[in-house]
Amino acid sequence: MRRRHGMAALLCAASAALVSCSGNGVYGVDLPGGPDLGSHPYTVTAQFTDALDLVRQAAVKVGDVPVGQVGNISLGAGGRLALVQLQINGDVRLPANATASIQQTSLLGEKYVELTRPAAPTGTLRNGATIPVSSTSQGIEFEQVFGALSLLLNGGGVAQLHDIVLELDKAVGGRGADLRELLHNADVVISQIDAHRSDVITALDRLDRLSQTLSANRSDINVALRDLPAGLKILARQRTQLVGMLDSLGRLSRVTVRTVRASRNSFVGDLRSLSPILRRLAAAGDALPRSLQILLTYPFPDSVLRAIPGDYLNAFITQNLNTPGGEVVRIQHRSPAGPPALLPPTSSAATGLPSSTVVTTPNAKGGR
């Protein structure tokens, strides 16, 4: 009996010693089998919006390999963040932009902190560094999954699923063949649309360009729409005249068609008769325009003036009637091969003027 009381007292003393150790209770006792922190571990602080039920001495892992443990957990930023100290083995090197997340070993297992190296690591995570809340996250909790499932089952649409199925059966009941044919036709239509996908895209592109053009000419369209009713009223008043004009055009068209059909052979014959004339004109070449140059001087062109003597043949005399009479005239001789040549002054009664001459009199100021 005394032995039994002695054992109870010994256990109570050991429990009291454990609880009072370092003022942290059981969390202050090192657990066997924990991660190896080495001789020079370093500490970093991770900021979480919610630490969930993470506890001290929980494992810190990198790639599911334990590399440290969780130290002190406290509140920060006015109670809005959970500050979790992570004690990491000094031989483990992590980038400065490493991320941290609270994970769970199994569905009902313990929590641990997982450190992950990003795809583009930068710098080195050193002692006293802080992993900001933007680089931390929490895993999905078992309670959250069942809470969302409960919300779906109790307050969602699952409760009305039976009614939906019943109403759908009433709507489709007895029309299975029609529904099957409808689905088949819809499949055919969708297949045809898919086969003409490029045409549909082209049509949409052109419609977009048309819309842009219409938007650019919005002011002109507004003016047209504003003036269109007045124009429609005028057309409505002249509807009888327009109908009569169109009827007359129809009759004219019929007469024209009959005329063309009746005179087709004669018209073709005339064109064939013109063919030799057109060929001769084409063969004449430059001779035709050269002959037109002497048409106005016929029958005395410049080429035969030298062979015909005379005083006033093909001569041009300009007399200024505003000058006193008996003034000296100035004579120009038109040379067929060059510009008019200026002759010495003589009287207007000069005789023996050469052919192709121009006789002019000066004005009062001595000009020509």
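In this text the structure is predicted, and so the values were computed from the model without any measurement.

What is the right way to read the overall build of the chain from this model?
For the chain, the count of helices and strands is nine helices and 12 strands. Split into buried and exposed, the 368 residues of the chain put 16% on the buried side. When contacts within the chain are restricted to residue pairs at least 6 apart in sequence, long-range pairs at least 24 apart make up 63% of them. Within the structure as shown, the chain displays about 27200 Å² of accessible surface, and the carbon and sulfur contribution to it stands at 60%.

Would you mind going over unusual backbone geometry with me for this structure?
The phi torsion of most residues other than glycine is negative, and most of the peptide bonds are trans. Even without being a glycine, Leu52 presents a positive backbone phi close to 55°. Inspection of the secondary structure assignment puts Leu52 in the loop between β1 (42-48) and β2 (59-62). Taking relative accessible area as the criterion, Leu52 reaches 27% and is therefore assigned partly exposed. For Gln57, which is not glycine, the phi dihedral falls at a positive 70°. Here Gln57 shows up in the loop between β1 and β2.

Looking at this model, I keep getting lost on the pairing of β2. Mind explaining?
Working note: regular strand, side chains alternate between the two faces of the sheet. Burial of the side chains of β2 extends over both faces: Ala59 and Lys61 are buried on one face and Val60 and Val62 on the other. The pairing of β2 with strand β3 (residues 65-76) spans four bridges and is classified as antiparallel. Residue pairing for β3: Ala59 is matched across the bridge by Gln69. With antiparallel pairing between neighbouring strands as the criterion, β2 and β3 make up a hairpin whose turn holds two residues, including Gly63 at a positive phi of roughly 65°. In this sheet, strand β6 (residues 111-116) lies alongside β2 in parallel orientation, the contact comprising three bridges. The residue of β6 that forms the bridge with Lys61 is Glu114.

Can you walk me through a nonpolar patch on the surface in this structure?
On the surface, Leu225, Leu228, Leu232, Leu235, Leu242, Met245, Leu246, Leu249 and Leu252 cluster together into a nonpolar patch covering about 840 Å² of accessible area. Only α6 (218-237) and α7 (239-262) provide two or more residues apiece to the nonpolar patch. At five residues, α7 tops the list of elements feeding residues into the nonpolar patch. When you line up the elements, Leu246 lands in helix α7.

Honestly, the pattern of salt bridges in this entry has me stumped. Any pointers?
Side chains that differ in sign of charge can pair as their charged atoms come close. Applying the stated criterion across every chain yields a total of four salt bridges. The residue Lys111 makes a salt bridge to Asp53 at a minimum N-O spacing of 2.9 Å. Separated by 58 residues along the polypeptide, Lys111 in strand β6 and Asp53 in the loop between β1 and β2 bring together distant segments of the chain. Salt-bridge contacts for Arg197 lead to Asp194; the nearest nitrogen and oxygen are separated by 3.6 Å. For Arg197, a relative accessible area of 52% corresponds to the exposed category. By relative accessible area, Asp194 is classed as partly exposed at 46%.

Could you clarify how one ought to interpret the packing of α6 against α7 in this entry?
Think of two packed helices as two axes; the pair is described by the angle between the axes and how far apart they sit. Look at α6 against α7: their axes get within 4 Å of each other, and the N-to-C directions meet at 65°. Contacts from Leu235, Ala236 and Arg237 of α6 reach α7 at Arg239, Gln241 and Leu242. Looking at the contact of α6 with α7 residue by residue, the class counts come to three nonpolar, one polar and two charged.

Looking at this structure, how should I read the side chain of Gln69?
Counting through the fold element by element, Gln69 comes out in strand β3. Taking the relative accessible area as the measure of exposure, Gln69 reaches 17% and is therefore buried. Residue contacts for Gln69: discarding those within four places in its chain leaves Pro35, Leu37, Gln57, Ala58, Ala59, Val60, Gln85, Leu86 and Gln87.

Please clarify how the nonpolar core should be interpreted in this entry.
One broad trend across soluble globular proteins is that nonpolar side chains are buried collectively. Judged by nonpolar contacts, the single largest core of 21 residues is most densely connected at Val70, Leu86, Ile88, Leu94, Val113 and Leu115. For this core, the secondary structure elements donating two or more residues are β1, β2, β3, β4 (81-88), β5 (99-104) and β6. Top contributing element to this core by residue count: β1, with four residues. Setting aside its immediate chain neighbours within four residues, Leu94 contacts Tyr42, Val62, Ile88, Leu115, Arg117, Gly123, Thr124 and Leu125.

Sorry if this is basic, but what is going on with helix α8 (residues 264-284) here?
For the α-helix, the turn length of 3.6 residues means that residues three or four positions removed from each other point alike. When the terminal C-alpha atoms of α8 are compared, their 31 Å separation across 21 residues agrees well with the 30 Å that a helix rising 1.5 Å per residue should span. A bend of about 30° at Ser275 is the largest found in α8, and the proline Pro276 appears one to four places after it.

I keep staring at helix α3 (residues 161-172) and nothing clicks. Help me out?
Here α3 is 12 residues long and its end C-alpha atoms lie 16 Å apart, about the 16 Å a rise of 1.5 Å per residue gives. Count one or two residues on from α3 and you reach Gly174, which has phi positive near 80°.

Calculation rules
- Residues numbered from 1 in each chain as written.
- Predicted model: local features only at pLDDT ≥ 70, side-chain atom pairs only at ≥ 80, totals over all residues.
- Heavy atoms only, no water.
- Helix = DSSP H or I, 4+ residues; strand = E, 2+ residues; numbered from the N terminus.
- Buried < 20%, exposed > 50% of the residue type's maximum accessible area, 1.4 Å probe, protein only.
- Contact = heavy atoms within 4.5 Å.
- Areas by Shrake-Rupley, 256 points an atom, 1.4 Å probe, with all protein chains shown as cover.
- Pairing = 2+ DSSP bridges.
- Patch = residues over 30% accessible without salt bridge, like charges linked within 9 Å, V, L, I, M, F, W, Y side chains within 5 Å.
- Salt bridge = Lys/Arg side-chain N within 4 Å of Asp/Glu carboxyl O.
- Axes fitted to C-alpha atoms, helices over the stretch in contact; angles between N-to-C directions.
- Nonpolar A, V, L, I, M, F, W, Y, C, P; charged D, E, K, R; others polar.
- Core = buried A, V, L, I, M, F, W, Y, C linked by side-chain atoms within 4.5 Å.
- Expected span 1.5 Å × (residues − 1).
- Bend = angle between axes of the 7 residues up to and from the residue.

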